[in-house]
Amino acid sequence: MGTLLLLVVALGSAVLGPAFAAAVGNAYAVTRLAEERNALTGRTWEVRPSRGTDDPGALLDDTLTQLVLPEDQHAPSAQLETARVLAPGALGEVMLMAKPDACAHLDIEGRCPSGPGEVAVLAGDAEEDGHALGDRIDLGEPFGTLTLVGTYAYPSGPAVAAERREALEDFWFEPGRLASVPATVRTGTEVPRRPAPYLVVPEQLAGLPPHLLLVRADSRIEVPADLDAADLPELARRAAQDPAPQQLGVGTAAEVSNNDLDGIVTDVDRERRAALLAVAPAVVSLVLVALALLGRLTSAAGELRVPDLALASLRGADRRRTWLLALSEPLLLVALAVPAGVAAGAGLTWALVRAWLPPGVPVPVPAYAVLACVAVVGCAVAVCVVSTRAVLARTLADQLSGQARPRPAGRPAVLAALVLVALTLALVVAALSRPSGGATDAADLVLPLLVAAVLGLAAAGGARAGAAALARRPSRGVAGFLAVRAVARRAVGTLVVLPLTIAIAVVTFGAGTFDAAAAWRASVAATQAPASTVWSSELPMREAVALTHRLDPDGRWLMATGTWNAQDGTYVVADVPRLPAASLWDPSWTPGHDVDDVVALVTRPSPPALTGSRLRLGLTVPRAAEEVTVEVRLRTSGGDTLNAYVGPFPPGASSATERVPCGDGCTVEGLALAGPAGLPTELVGDYVVGPLEVDGAAASEVLTGGAWHLVGEGIAQAADGLRVAGDGLVVTADGTGKAGLTSGAGGLRPVVAGREAVDRLGRVAAGAATSSVGGPPPSEAVLVADSVPFLGPEGVLIDYAVLTTNRTVYEEEFEVRVLAAADTPGRVSTALAREGLTVERLHAQERERLDGTAYALALRLYLVAALLVLLMAVAGLAVTTAIQLPGRRMDAAALSVVGVRRRSVLLSVAVEQAVVLGAAAVAGLLAGAAAQLIVLGRITLGQVEEASWPRVVARVDPALLSATALLVAVLLGTVALLSAWATVRRARGASLREKAR
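Conventions and cut-offs
Residues numbered from 1 in each chain as written. Predicted model: local features only at pLDDT ≥ 70, side-chain atom pairs only at ≥ 80, totals over all residues. Heavy atoms only, no water. Helix = DSSP H or I, 4+ residues; strand = E, 2+ residues; numbered from the N terminus. Buried < 20%, exposed > 50% of the residue type's maximum accessible area, 1.4 Å probe, protein only. Contact = heavy atoms within 4.5 Å. Areas by Shrake-Rupley, 256 points an atom, 1.4 Å probe, with all protein chains shown as cover. Patch = residues over 30% accessible without salt bridge, like charges linked within 9 Å, V, L, I, M, F, W, Y side chains within 5 Å. Salt bridge = Lys/Arg side-chain N within 4 Å of Asp/Glu carboxyl O. Lys, Arg positive; Asp, Glu negative; His and termini not counted. Charge placed at Lys NZ, Arg CZ, Asp CG, Glu CD. Pairing = 2+ DSSP bridges. Axes fitted to C-alpha atoms, helices over the stretch in contact; angles between N-to-C directions. Disulfide = S-S within 2.5 Å. Core = buried A, V, L, I, M, F, W, Y, C linked by side-chain atoms within 4.5 Å. Parallel < 35°, antiparallel > 145°, perpendicular 65-115°, else oblique. Left-handed = near helix turned anticlockwise from the far one by under 90°. Nonpolar A, V, L, I, M, F, W, Y, C, P; charged D, E, K, R; others polar.

A. Local environment of the overall build of the protein chain. Of the regular secondary structure elements, the protein chain holds 28 helices and 35 strands. Taken over 997 residues, the protein chain has a buried fraction of 52%. Long-range pairs, those at least 24 residues apart, make up 81% of the contacts in the protein chain between residues at least 6 apart in sequence. Of the accessible surface of the protein chain, which amounts to about 42,600 Å², a share of 58% is contributed by carbon and sulfur atoms.

Here you go:
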């Protein structure tokens, strides 16, 4: 029964692996197409009306009726919109949009427009323009004046149910169309503000010139649940065809799709192929462990048939008949196992597909599954033949002698062991010297088993050698003596160490592989979505920072970030002090440093703050020097920067007053002693800056407690010394230029650099001074990370305050996002939506998407493999123990007859089993951990699709290894106790009399 079970598991694994990998490929194709952005998989048509219309609703209906869709597209939705027209005042370029049932797919405050002359606008735009419900908004010609009856916001945030979120995305196709874009300056040209669409009823657009009207029709792809991934190339080919414009009755429809089905099909095909490689180690491990245990059980079964074979030899059976007699039972079991194994593999595949994959996914049986089954059957027959030959190779005297005793290993066995060790060492060295990230090869598949085999042989030999050494020493007790003698002299007891070591190693390796892959996916998810909710924003970075501080003044939920492509690389600029509360910093990025350490390393003391409208500053200028002006760089609470020029100051002690817009508070980022209008001048001697007053109140702590430094970049620095004295600063200068000071951030800016960006930063820091306008500051990597938010190993994390203090940065180049923690209140999420922000991604969705990839689904087989291997190990151990029971009972009965107490016999058997099984467990755990460290970085655990994805890091989780060790100890300890109990339970002297008869 044990042999049959192992054969069934081996054959079932040969079916399960390829079939499940193929089903995973189909499931990934379905989920990837269904979850990808509509713009990348769907299609969009723009219909230019050929003439004006008095019935815009009919125009929409006629467009949907007349538009011819490809066969793989879902029913379209359409909206009528106008071209953007520059409106009076600061409204910017406005656009009217009419879409039936639009208000049902938005959060409306007030009411939806119900007739011509009424409009609903984005809540953030209404607030920015100072409009309230009931106001009349003059849009100029040709739109006229409209009455504001409602404000809208796109339903966003984690509170929106998944079903509604999908319906919203299908209805609006691209939610980014509802975003408001502020005015920007690009390449020296001012781009007007583009507010979100103004929602009106279709009748509002009646009578407009046709060149102002546009019907936009969108259709997402229709993904059947039973899609075969092999059909994807044809689908992509149809999508790639250059579509001809359709002549409709209402006008010309031109397709303006921007889908990327070719790229998606390429990704799916790559994942399908790699999914098979991902499951290969698990399947190969299952099959090889089954064959190793099969060899042990076949040998044990041959041992039970030794008396029959000896009798056949005594009765004159020739060699051919003896071989037939010895092989008849194992080959019959192989024949019986073929249909059972195929059926078990197919049934388990079907069950796993239905449990783990979307409903309706087809479960093909690829041709290589048949080849795998044939190979397993061939290997099983070979194992049976080899095991039988080992039994038949014994002499007739050996066969009649009874219990086999350990003997010195023969020359072939020693040579085979040495070859195994040499081959394992060679493969380990090759694996460690080979770059990671390559394709999984045969060495990666067998290396865990070879390591386990070497350690298993070492454990078995070590147990026997240790027991033999102890047997030669005086014993301190009967139980210890019996246990040591049993380990040293009972060959069949230590034979179980090798297969058990391999099985435990595979369990450890399989569980560790699954855990490492899950940890890597968590790292990728935290890189792509570094917060519970990631909001996309069109605001400049300074306004996003000001918004998060206004909505969340205590920094408990929100943090503004911006990705920036600078000259020396890509930066993620973040409001770093809020990083622990708002972000999800994966611990694998900076081992040994948590997120609080990161914050402490990359932040600098905050610039000093002042509040007021009149700034009075004192300055003492050397008698022989020229008059100077003090340039004060301020940042308002709204994030705007400005320079206030105080002075001029003649030689001697004097003071001057300047008005500043700091009624709501400002931070003082920099000071500079310069000539008129901040121009360079000659500075010689000691200049005493201070005291400082704001609105008549003393504020000299801005000078004395501001952590001031001399500016080292971007200016002709005339100062060479700085110190605090009294209620001000003393600047020592001797040169022509400016005496520039900065608060908080001085010298090289501290950053956390991805491991791929460190060298680039070093070159910049060692190079010439960088301009203080626009570009990145010279930085130093105070910490090297495996990944940083959004940008992964190629990015650099820098604090926003550190970057911008006393420095001009072109923030229009930032891609701004707002990170929100999981416990962000609903009112705060609503406020973000009202400002035009939309949810770009959720961390939970990103993790779910990664867990649904072909790799992740295929790697679930490692858990199945671990459970099956554990089952096989326990079953094989139970069968081996059962085979040894008759001999053990005879020994126990003999000991009982000569007066050894039953308790001592029980304890001796338990100790013997504990030593043997403990040696196998320790060797197996070590082999599994070693295989993880050597192989994990080289087998396919996941597809690194982008440069921003962190690498797969080989690691051994101590907690998981401890849990595995505990599970193995409980199982093997239970077997040892049961074996000891079964040995002494029926060990009586009568057994010896029956044996003698």
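B. Just a negative patch on the surface, in detail. On the surface, a cluster of negative charge is contributed by Glu35, Glu163, Glu166, Glu169 and Glu848. Here the element with the most residues in the negative patch is helix 5 (residues 162–172); it accounts for three residues. Positionally, Glu166 belongs in helix 5. You can call Glu166 exposed: its relative accessible area is 52%.

C. Layout of the pairing of strand 13 (residues 213–219). When you tally the buried positions in strand 13, you get seven out of seven residues, the bulk of the element. Here strand 13 shows no split at all, with Leu213, Val215, Ala217 and Ser219 on one side and Leu214, Arg216 and Asp218 on the other all buried. Looking at chain direction, strand 1 (residues 43–49) and strand 13 are connected through five bridges and run antiparallel. Of the residues in strand 13, the one forming a bridge with Arg43 is Ser219. Pairing geometry for strand 2 (residues 77–82) and strand 13, over six bridges, is antiparallel.

D. Representation of the sheet that holds strand 32 (residues 795–799) within the structure. Pairing is mixed in the open sheet, where eight strands are placed in the order 31-29-32-18-17-34-16-35. The sheet is open, and its two edges are formed by strand 31 (779–785) and strand 35 (838–842), each paired on a single side. Ignoring strand direction, the axes of neighbouring strands in this sheet form an average angle of 30 degrees. Note that strand 29 (residues 749–754) and strand 32 share two bridges and pair antiparallel. Across the sheet, the residue bridging to Val752 is Leu797, located in strand 32. Along the sheet face, helix 19 (residues 595–602) touches strand 29, strand 31 and strand 32 and points at about 140 degrees away from the line of strand 29.

E. Just the pattern of salt bridges, in detail. For the structure shown, the criterion picks out 27 salt bridges. When the shortest N-O distance is used, the salt bridge between Glu46 and Arg48 registers 4.0 Å. The exposure class of Glu46 is buried, given its relative accessible area of 18%. The class of Arg48 is partly exposed, set by a relative accessible area of 47%. For the salt bridge of Asp170 with Arg220, the shortest nitrogen-to-oxygen distance reads 3.2 Å.

F. Structural detail: the state of the cysteines. In this structure the tally under the stated criterion is two disulfides. Paired through a disulfide, Cys103 and Cys112 show a sulfur-sulfur distance of 1.9 Å. Here the S-S torsion is close to 75 degrees, and the disulfide linking Cys103 with Cys112 is therefore right-handed. Paired through a disulfide, Cys662 and Cys666 show a sulfur-sulfur distance of 2.1 Å. For the disulfide bridge between Cys662 and Cys666, the dihedral angle about the S-S bond is near -95 degrees, and by the sign convention the bridge is left-handed. Cys662 gets classed as buried once you look at its relative accessible area, which sits at 0%. If the cysteines joined by disulfides in the protein chain are listed in sequence order, their pairing comes out as 1-2, 3-4.

G. A look at the side chain of Thr563. Of note, Thr563 is situated in strand 17 (residues 558–566). In contact with Thr563, other than residues within four places in its own chain, are Tyr571, Val572, Phe790, Leu791, Glu813, Phe814, Glu815 and Arg817.

H. Up close: the nonpolar core. Val289, Leu357, Leu447, Val869 and Met872 are the most contacted members of the largest nonpolar core, which totals 106 residues. The element that contributes the greatest number of residues to this core is helix 1 (residues 2–35), accounting for 18 residues. If we ignore the near neighbours within four places in the chain, the residues touching Leu447 are Thr424, Leu427, Val428, Ala431, Ile934 and Val935.

I. Expanded view of a nonpolar patch on the surface. On the surface, a nonpolar cluster with roughly 220 Å² of combined accessible area is contributed by Leu907, Val911 and Val915. Note that Leu907 resides in helix 26 (residues 902–935).

J. Layout of the packing of helix 1 against helix 10 (residues 367–392). Where helix 1 contacts helix 10, the two axes come as close as 8 Å, and the packing angle between them is 160 degrees. In terms of orientation, helix 1 lies roughly antiparallel with respect to helix 10. The hand of the helix 1/helix 10 crossing is right-handed. On helix 10, the residues that touch Leu7, Ala10, Leu11, Ala14, Val15 and Pro18 of helix 1 are Tyr368, Ala369, Ala372, Cys373, Val376, Val377 and Ala380.

K. Looking closely at the environment of Leu797. With respect to the helices, strands and loops of the structure, Leu797 is situated in strand 32. Sequence separation between Leu797 and Val751 is 46 residues, and the spatial gap between their C-alpha atoms is 5.6 Å. Dropping the residues within four chain positions of it, Leu797 is found in contact with Val572, Ala574, Val576, Leu579, Trp585, Val598, Val751, Val752 and Val788.

L. The pairing of strand 22 (residues 652–674), seen in detail. Across eleven bridges, the pairing between strand 19 (residues 609–621) and strand 22 is antiparallel. Across the sheet, residue Thr620 finds its bridge partner in strand 22, namely Ala653. One ladder, built from eight bridges, connects strand 20 (residues 628–636) with strand 22; its direction is antiparallel. Among the inter-strand pairings, Thr636 is bridged to a residue of strand 22, identified as Cys666. Sheet analysis places strand 22 next to strand 28 (residues 739–743), joined by four bridges and oriented antiparallel. Looking at the pairing, Leu671 lines up with Leu741 of strand 28.

M. Structural detail: the packing of helix 8 (residues 306–314) against helix 9 (residues 319–356). Interhelical geometry of helix 8 versus helix 9 gives an angle of 160 degrees and a closest axis separation of 10 Å. The angle between helix 8 and helix 9 falls in the class roughly antiparallel. Our pair here, helix 8 against helix 9, has a crossing hand that is right-handed. The segment helix 8 lies against helix 9, with Asp308, Leu309 and Ala312 engaging Thr322, Leu325 and Ala326. By residue class, the composition of the contact of helix 8 with helix 9 is four nonpolar, one polar and one charged.

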